[in-house]
Amino acid sequence: MTGTQAVPECPSDIVWDVTYTCPLRCSHCYTESGRRPSKQLSHEEMLRVADALTSLRPATILLAGGEPLAVRRLPEIVDRITGAGVDVVLYTSGWSLRPELIESVVAKCAAVYVSVDGPTAATHDLIRGRAGSFDRTMAALRLLDEYAADQRARGATPVEFGLDATVVRTSFDQLELFCTDVVPRFPGLTRLSFGAAMPIGLASRPEFVEHELLTDEQSDALIAPEYGRRLQSLAPPGVQVSVRDYRGVQYRPDLLAQGLIPSMEVEPDGRVRAMAIYEGTVGSLLEDPPAELWARSVARWSEPFVVEALAPVRTMRDWAEAARRIDYHYGTAEDRARIEARPVFLPLTPSR
Ligand code: SF4
């Protein structure tokens, strides 16, 4: 990065991982959710974090995790954020989406994205590490679809909901099936997003990189304009298809210098990550002024260790190597212990 003068004083988008609780066990999980303590705050503390975040006047707060719908009093958190005039976008695996959450949560969100990592039960459940998860996800999408149809029938603007797929080698050859077999089941669905897995969290493990992270060639093929057009042509009319490889969010100095502004990422305990996709925090929203935390984050991006680790990154393997170095360097002793205790990734096979 040639300087931080181009970075706005506050982030436009904030990702708040409200809990590390999750019913699934995805092999690529960036946050290792479900395998670590939830780090979830008390309800009162969550309200304080919500207030701190909205004080930054972001355009959007994305609620993620873990599984955000596992937070019992999430409706009140959503009310607090939207009541301050900030849009909420919800990311969910769909496992925990119950009918009573439609009015109390979904109806108040600017958009809801359900993650589906395979277009068949076999692929999805294999990647997500839990039998039955595809069926639960389809049930969640049906709930959203029925709600959107009901809203339309009442003359209201229907909820915007979409399907978000993280692409790994196991699913790479099946993407067209999302367009032809999955999305047509839900006439009210308007967005289909494909994003290559990043070498972050569990997906940075060397064996995962070896077996499941897309190769550079696959990443290039994924974002080739003609492939995007092909996927778009297969999707039902009215569905907007997007394809991303996320190599632009590496915090590589030259990419930052081009004006790419990463989002702020908040861990469940209220601590703010210096860099959204890497370990290492700069303080807590329960203790420190939010704008000061953002300023500390921005300062991290040009620290010599970060620049030295990321400037030479050109390949997916380079990126994974840099991510592991940064995570270990900036992680706490607790983070390092967790990283060292990660199980070796075993290739995904239906018999596992
Ligand atoms: S659903 Fe999301 S948070 Fe849960 S294990 Fe999978 S990737 Fe991690």
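So, how was this worked out
Within any chain, residue numbers begin from 1 and follow the written order of that chain's sequence. Selection of residues for local features in this predicted model requires a pLDDT of at least 70, selection of side-chain atom pairs for listing and counting requires 80 or more, and totals for whole chains, interfaces and linings are taken over all residues. Calculated side-chain values reflect all of the structure's heavy atoms, with hydrogen atoms and water omitted. For the exposure calls, accessible area comes from a 1.4 Å probe over protein chains only, and a residue counts as buried if that area is under 20% of its type's maximum, exposed if over 50%, partly exposed in between. Secondary structure follows DSSP: runs of H or I at least 4 residues long count as helices, runs of E at least 2 residues long count as strands, and numbering of each begins at the N terminus. Strand pairing follows a simple DSSP-based rule, namely that at least 2 bridges must link the two strands. As used here, the term nonpolar core means buried Ala, Val, Leu, Ile, Met, Phe, Trp, Tyr and Cys residues forming a set that is joined through side-chain atoms within 4.5 Å. The contact rule is simple, with two residues in contact once any of their heavy atoms fall within 4.5 Å. To pair, rings of Phe, Tyr and Trp, with the six-membered ring standing in for Trp, must have centres within 6.5 Å; the planes then decide the type, stacked if under 30 degrees apart, edge-to-face if over 60, and tilted in the middle. Each patch is built from salt-bridge-free residues with over 30% relative accessible area, joining like charges within 9 Å and nonpolar side chains (Val, Leu, Ile, Met, Phe, Trp, Tyr) within 5 Å. Exposure was quantified through the Shrake-Rupley algorithm and a 1.4 Å probe, taking into account, for residues, occlusion by the shown protein chains and nothing else. Only one rule defines a salt bridge in this text: a Lys or Arg side-chain nitrogen within 4 Å of an Asp or Glu carboxyl oxygen. The sign given to each residue is positive for Lys and Arg and negative for Asp and Glu; His and the chain ends receive no count. Every charge is mapped to an atom, namely NZ of Lys, CZ of Arg, CG of Asp or CD of Glu. Here a residue is considered near a molecule or strand provided that any single heavy atom belonging to it is located within 4 Å of it. For this classification, Asp, Glu, Lys and Arg are treated as charged, while Ala, Val, Leu, Ile, Met, Phe, Trp, Tyr, Cys and Pro are nonpolar and the rest, including Gly, are polar. The directions from the helix axis to the C-beta atoms form the arc being described. Note on method: axes are straight lines fitted to C-alpha atoms, helices fitted across the in-contact stretch only, with angles between N-to-C directions ranging 0 to 180 degrees. By definition in this entry, angles of less than 35 degrees are roughly parallel, angles greater than 145 are roughly antiparallel, angles of 65 to 115 are roughly perpendicular, and the rest are oblique. For any helix crossing, the convention is left-handed if the near helix is rotated counterclockwise from the far helix by under a right angle, and right-handed if that rotation is clockwise. pLDDT gives the predictor's per-residue confidence on a scale running from 0 to 100. Residues adjacent in sequence count toward polar contacts only when both atoms are side-chain atoms; beyond that, a polar contact is any pair of N or O atoms within 3.5 Å, and within protein one must be able to donate a hydrogen and the other to accept it.

Across the 7 residues of strand 5 (residues 161–167), 7 count as buried, placing the element largely inside the fold. Neither face of strand 5 is open: one carries F161, L163, A165 and V167, the other G162, D164 and T166, and all of them are buried. Pairing analysis gives 4 bridges linking strand 4 (residues 111–115) to strand 5, with the strands arranged parallel. Looking at strand 5, one finds that S115 is bridged to D164. Summarising the sheet, strand 5 and strand 6 (residues 191–196) pair through 6 bridges and their orientation is parallel.

Side chains of a nonpolar character, in soluble globular proteins, are inclined to be buried together. Counting residues in each nonpolar core, the largest one holds 104 residues, and the members touching the most others are W16, L63, L141, L163, F194 and Y278. With 8 residues, helix 5 (residues 133–153) is the single largest residue contributor to this core. If we ignore the near neighbours within four places in the chain, the residues touching L141 are V114, V116, F161, G162, L163, F186 and L189. If you look at the next biggest cluster of nonpolar residues, it comprises 6 residues, including L62, V89, A111 and Y113.

A complete count under the given rule lists 7 aromatic pairs for this structure. With a centroid separation of 6.0 Å and 55° between ring planes, the pair formed by Y251 and Y278 is classed as tilted. With Y251 in the loop between strand 7 (240–244) and helix 11 (253–257) and Y278 in the loop between strand 9 (271–273) and strand 10 (281–284), this residue pair connects regions lying 27 residues apart in the sequence. Y278 gets classed as buried once you look at its relative accessible area, which sits at 0%. An angle of 70° between the planes, with centres 5.5 Å apart, marks the rings of Y251 and W301 as edge-to-face.

As a further point, take a positive patch on the surface. Residues R25, R35, R130 and R136 make up a contiguous surface patch of positive charge. Checked against the element boundaries, R130 lands in the loop between helix 4 (121–128) and helix 5.

Lining the immediate environment of the ligand, one finds C22, L24, C26, C29, S33, R35, G66 and R128. For the shell around the ligand, a count of residues per class yields 4 nonpolar, 2 polar and 2 charged.

The next point concerns helix 10 (residues 225–234). If you check which residues of helix 10 are buried, you get Y227, G228 and L231. When helix 10 is viewed along its axis, its buried side chains cluster within an angular range of 100° and face the same direction. Summarising the geometry of helix 10, the exposed residues directed more than 90 degrees from the buried face are P225, E226, R229 and S233. Contact partners of the buried residues in helix 10: helix 6 (169–172), helix 7 (175–182), strand 6, helix 9 (216–223) and strand 7.

A pair of packed helices can be characterised by two numbers: the angle between their axes and the separation between those axes. Put simply, helix 1 (residues 43–54) and helix 2 (residues 74–83) touch, their axes get as near as 9 Å, and they point 25° apart. By the criterion of interaxial angle, the relationship of helix 1 to helix 2 is roughly parallel. With respect to the hand of their crossing, helix 1 and helix 2 are arranged in right-handed fashion. In this structure, helix 1 uses H43, M46, L47, A50, D51 and T54 to contact helix 2, whose residues at the interface are E76, I77, R80 and I81. Class assignment for the residues of the contact of helix 1 with helix 2 results in 5 nonpolar, 2 polar and 3 charged.

Right, let's talk about the confidence of the model for the protein for a bit. Looking at the protein, the pLDDT average stands at 96 and 98% of residues meet or exceed 70. Contacts for the low-pLDDT stretch residues 1–5, under 50 throughout, to residues beyond four places or in other chains number 8 contacts.

The subject of this paragraph is the environment of R342. Within the secondary structure, R342 sits in the segment after helix 15 (333–340). R342 gets classed as buried once you look at its relative accessible area, which sits at 12%. For the pair R342 and A64, spaced 278 residues apart in sequence, the C-alpha to C-alpha distance is 22 Å. In this view, R342 contacts E32, G201, L202, S204, R205 and E279; residues no more than four positions away in its chain are not counted. Polar side-chain contacts of R342 include one of 2.7 Å to the side chain of E32.

Where side chains of opposite charge bring their charged atoms close, a pairing between them can arise. Taken as a whole, this structure holds 25 salt bridges when the rule is applied. When the shortest N-O distance is used, the salt bridge between R338 and E32 registers 2.5 Å. Taken together, the positions of R338 in helix 15 and E32 in the loop between strand 1 (13–17) and helix 1 put the pair 306 residues apart, joining distant regions of the chain. There is no split in this pair, since R338 and E32 are both buried. As a salt-bridge pair, E176 and R230 come within 2.9 Å of each other at their nearest N and O atoms. Taken together, the residues E176 in helix 7 and R230 in helix 10 connect sequence positions 54 residues apart.

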